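Coordinate inspection notes
Residue-level listing of the chains:
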Amino acid sequence: MTALDRDAATLRLTSPVGSPPDCRIRGVGPVHASMRVWAECVLGTLARTYGSVPLTLAFKGTVLLRPRALRVLLQASSAVIATWRGECRFILGRTQAVREVLEGWDLDEAVDRLAQAGDVASFELGGDEVSSEPLAPVGRLVLGDKARTLDILSELHGPWRISRPHIVRGEDWARDRGDVLQRVRERFGDERVVVRSSCSAEDAWTESNAGRFLSVLDVDAGDAKALGGAISEVFDSYGPGAASEKVFLQSYVHPVSESGVLMARHPETLASYWVVASDVHSGRTDQITSGALEKPSSAYVEHGVPRGLLPDSLRRVVTVGRELVRLIGVEALDIEFALAGGDFHLFQVRPIARGTSLPEASEGRRAMMIAEACKAHHALLLPKGPVVGKGPVYSTMTDWNPAEMIGRRPLPLARTLYGTLITDRTWAEQRAGYGYRDLRGVPLLRDFAGHAYVDVRASLNSFIPAVTPSHVAEVLVSHQLARLAEAPELHDKVEFEIADTCASLGLRERLRRLYASSVEAGELDALATALRDLTLKGLGDLPAWLAQVERLRAHPFAPGLEGGLGPILARLRELGTLPFAHLARTAFVVTALLKSFVREGVIDASEQREVLQRIRTVAGQLQADALRVRRGELGLEALVAEFGHLRPGTYDIRMPRYGADPERYFGPLISGGEEPPRHEAPLSHSLHARLGAGLRSAGLKLTPDAFLGHLGAAIAGREYGKHVFTRTLSGVLEHLAEWGEPLGLGRDDIAHLSLEQVETALALPPDEARSWCRDAVEEAREHAAAVNLIELPDILVRTSHLLFHVSSGEQPLFVTKACVRAPVLVADGLPDPERVRGNIVLLERADPGYDGLLALGVAGIVTAYGGANSHMAVRCTELQLPAAIGVGREQFRRLSGGRVMTLDCGGRRLVHE
């Protein structure tokens, strides 16, 4: 038996009532840190009851101290002795009575000495009140079923309120309901109560079954019929075996100002974040846990963030979370709460049910990366020529939207390919050639802690005509950045809602309304004229850029990598991504112009859809060609030759091409594909006349037919240009995969190499290249593991957003007016074509590689990322497929947890079940 350690830490507690008592804690032998915290909290709670009476506690191992039981025992005795299996585990008593017997004696010997004094209460601990592992956290004893956990925590004084649970056991309910209801009435009277589940299958360490069982809110405890019905409903939700289970009742908390769930670790990665999903609008307590709230507010807070940076309500929630983690000794906690009447109400505390251990190995690296990101962001606050404008903003879905194309956390190959082909030079070269400000030499993408962001300030600069004076440009960009900071949900709609980048109806009036206080009228008129000239020039250049695309189609690139990647990518950039960038810009210009007809009331939204649905893109061609194969009019080889290069994840070498398994990817499309919609009836004379009047008011000397021709050519041309350049890009990726095989490098290995590293390896002898690449891949994997533990916002306005951020949901684009209800299929990569028919398919990001899905009878499409001008929006509009494009990360995560969804495009609603 271990003797008492005379040097054990002594803790002095001061009671908030009466004179300060001298309460002492002594731990014997190895004790988990949370046990000392728990003991401190128990003594503090008891001190509030006993006033100035000093108490001393000595314990060993992890034992569950219950203030309620101890308070009763200490009222009649000077000391309490608790044993387990004949061994003393703790002694608690008035200091004067126990101090001498504890000095120099082990606990069992101290028991004998106290027993001689006579004034002692003894009891045997239960098996669920003590841990046989000395270093086990208190949480192993506290965290059980929902009712037990709340009952234990309700005994402690803390920065929360808990209505003590009234437990109803299934066997008692089955035997005598009247007696149960009478006891409930004695406890609650005519109060409103909530009847909650507390099934043994809930809140386990390996699985939570959260939301599986019923709880009933707002029941009149004085209404025996309503109360009995609620209790029966909860028991019935358990299924067989309910008689051995229990439910519990608590006072109903209402009205509430905020309710939600706090995760003490990231629920997916267990990284060091406080994750708070909250409801500040409904006044209810079940909207977050039931998933009924359409746009919950979600906050991610670094564990080490200074509390002073946090808003008041968020700081209060995190403070309670920190106290519970410290008290229970379990870092991964799931906590339900509500704020009402100034009080923090605690509804549930359970472990996050994950089989994995905490990611400590990557935590240090993750913290270092965040610190470096903060430093890098701070260094970029002030603009550097030729960029102008105050208040930088970074976004994952503005301009060339990296979140949609390469993902928020791109691996090195995809990130460097995207940079080389588009965001390092091509983006700015295209804008300068179009007539905008020349930003060549300014990269569009910035990386913060491994996350790819568009520099929105640079992007906005690039949409101002080159003839515009710098002082005007600075006013425009600063104003636009400020508007975006105030409405961050518009970050994927910047070119429609924030900046004017081309001619449109009502342009001059809108410019005056926004900028007249800072820019002279003549300068604003000159800006409108310059935007008109840019628009007309872009429309006129369409044929030339389409001709460049045809050059690439005719001669993609010579096979093999003997000459290195440089010449291949240079040709791809010249004949592929640069022409595509021009075509994409012109497609945006005509789309924005068409939208302005709707905004100004010249045409309505249904007429806009009618115009767009007439445009045939390569997606419609894929569908039509598949039908031709089925009819015997086209060979399968021809279909594969044209579309076999498609892959979900254009820049991702890990994703298979359609051509790698034609039967799997093209077979269902051929056998089950549907006839593309036809729009043969001419547009009405009225629509033509209104379009003509609108074009004249915008100062554009275009006939309606010419405008519609440009609209169709630009949108179809953009999709065609993408189709052609991605064929060459897909070929490059396949050659890289072939190069890696003899070196023992799989596709996933190569994905972790940057272009620069590949070029280095190409110049090395095979043995050296193999070793060099292995080291580089290992380092990249460790880096990626740390990046995956970092949670950053989709829009970054302040440096502090790298430490904590709050998101409140995106405003998705709804395509068609249809309302469909169907099962949910979450697609990670390209799903099995046989599974998609009749489902609403959820895609985090959707590029041309997902075209094959659209013709397979899917009920609808929902994407986390994308906007009105995105590839998937165009495709779904053409095919009249119900879709919600760009719902945002948080809503996408919520919808992914459902089994059935209602996609109500007309009502602009997404409801999951």
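Nothing here was measured: the structure is a model prediction, and the numbers come from that model. Here the residue numbers are simple positions, counted from 1 along each chain's written sequence. Local features in this predicted model are restricted to residues of pLDDT 70 or higher, and side-chain atom pairs are both shown and tallied only at a pLDDT of 80 or more, whereas totals for entire chains, interfaces and linings draw on every residue. Excluding hydrogens and water, the side-chain values take into account all heavy atoms of the structure.

1. Quick look at the confidence of the model for the protein
Model confidence for the protein is summarised by a mean pLDDT of 87, while 91% of its residues fall at 70 or above. Values of pLDDT, the confidence the predictor places in each residue, fall between 0 and 100. Only runs of H or I of at least four residues qualify as helices and only runs of E of at least two qualify as strands under DSSP, and these elements are numbered from the N terminus. For the protein, the element scoring lowest by mean pLDDT is helix α10 (residues 287-290), at 69; helix α16 (residues 456-461) scores highest, at 98. Scored below 50 in pLDDT, residues 1-21 shows 51 contacts in the model against residues more than four places distant or in partner chains. Note on contacts: a residue pair is in contact if any heavy atoms of the two residues lie within 4.5 Å.

2. A few points about the sheet that holds strand β17 (residues 394-395)
Pairing between strands requires that DSSP locate at least two bridges from one strand to the other. Read across the open sheet, the four strands follow the order β18-β19-β17-β20; overall the sheet is antiparallel. In this open sheet, the two strands that pair with only one neighbour each are β18 (445-448) and β20 (795-796).

3. Considering the nonpolar core
The tendency in soluble globular proteins is for nonpolar side chains to be buried side by side. Side-chain atoms within 4.5 Å link the members of a nonpolar core, which is a set of buried Ala, Val, Leu, Ile, Met, Phe, Trp, Tyr and Cys residues. Each residue gets one of three labels from its accessible area relative to the maximum for its type: buried under 20%, exposed over 50%, partly exposed in between, using a 1.4 Å probe on protein chains only. One finds L417, F597, Y651, L711 and L736 to be the most contacted residues of the largest nonpolar core, which totals 86 residues. Setting aside its immediate chain neighbours within four residues, L711 contacts V590, T591, L594, V611, L612 and I615. Of all hydrophobic cores here, the second largest spans 63 residues; its members include L46, L310, V317 and I335.

4. A look at the packing of aromatic side chains
To describe a pair of aromatic rings, one takes the distance between the centres and the angle between the planes. Aromatic rings from Phe, Tyr and Trp, taking only the six-membered ring of Trp, are treated as a pair when their centres fall within 6.5 Å; an angle between ring planes under 30 degrees marks them as stacked, one over 60 as edge-to-face, and anything in between as tilted. Taken as a whole and judged by the stated rule, the model has 14 aromatic pairs. Judged by centre distance (5.8 Å) and plane angle (35 degrees), the ring pair of F597 and F707 falls under tilted. In this pair, F597 is assigned in helix α22 (residues 565-599) and F707 in helix α28 (residues 704-740), connecting sequence segments 110 residues apart. Each member of the pair, F597 together with F707, is buried. Three or more aromatic residues joined by ring pairs make a cluster, and in this case those are F213, F235 and Y238.

5. What to know about helix α17 (residues 470-486)
Counting along an α-helix, one turn takes 3.6 residues, and residues three or four places apart therefore face a common direction. Take the number of residues in a helix, subtract one, and multiply by 1.5 Å to get its expected span. A rise of 1.5 Å per residue sets the reference length of α17, with its 17 residues, at 24 Å; its end C-alpha atoms lie 24 Å apart and thus fit the reference within 8%. Within α17, burial applies to V472, A473, L476, V477, S478, Q480, L481 and L484. Residues of α17 that are buried make contact with α16, α18 (494-498), α19 (507-515), α20 (521-540) and β20.

6. Notes on the sheet that holds strand β23 (residues 819-827)
Taking strand neighbours across the sheet as the criterion, the seven strands line up as β22-β26-β25-β24-β23-β27-β28 in an open arrangement whose pairing is mixed. Two strands lie at the open edges of the sheet, namely β22 (813-815) and β28 (909-912), each paired on one side alone. On average, each strand axis in the sheet is inclined to that of its neighbour by 25 degrees, with strand direction left out of account. Direction of pairing for β23 relative to strand β24 (residues 840-843): parallel, over a ladder of four bridges. Residue pairing across strands places V826 opposite L842, the latter belonging to β24. Contacting β23, β24, β25 (860-863), β27 (900-904) and β28, helix α35 (residues 889-896) crosses the sheet at an angle of about 40 degrees to β28. Only the stretch in contact is used when a helix axis is fitted, and all axes are lines through C-alpha atoms; the angle between N-to-C directions ranges over 0 to 180 degrees.

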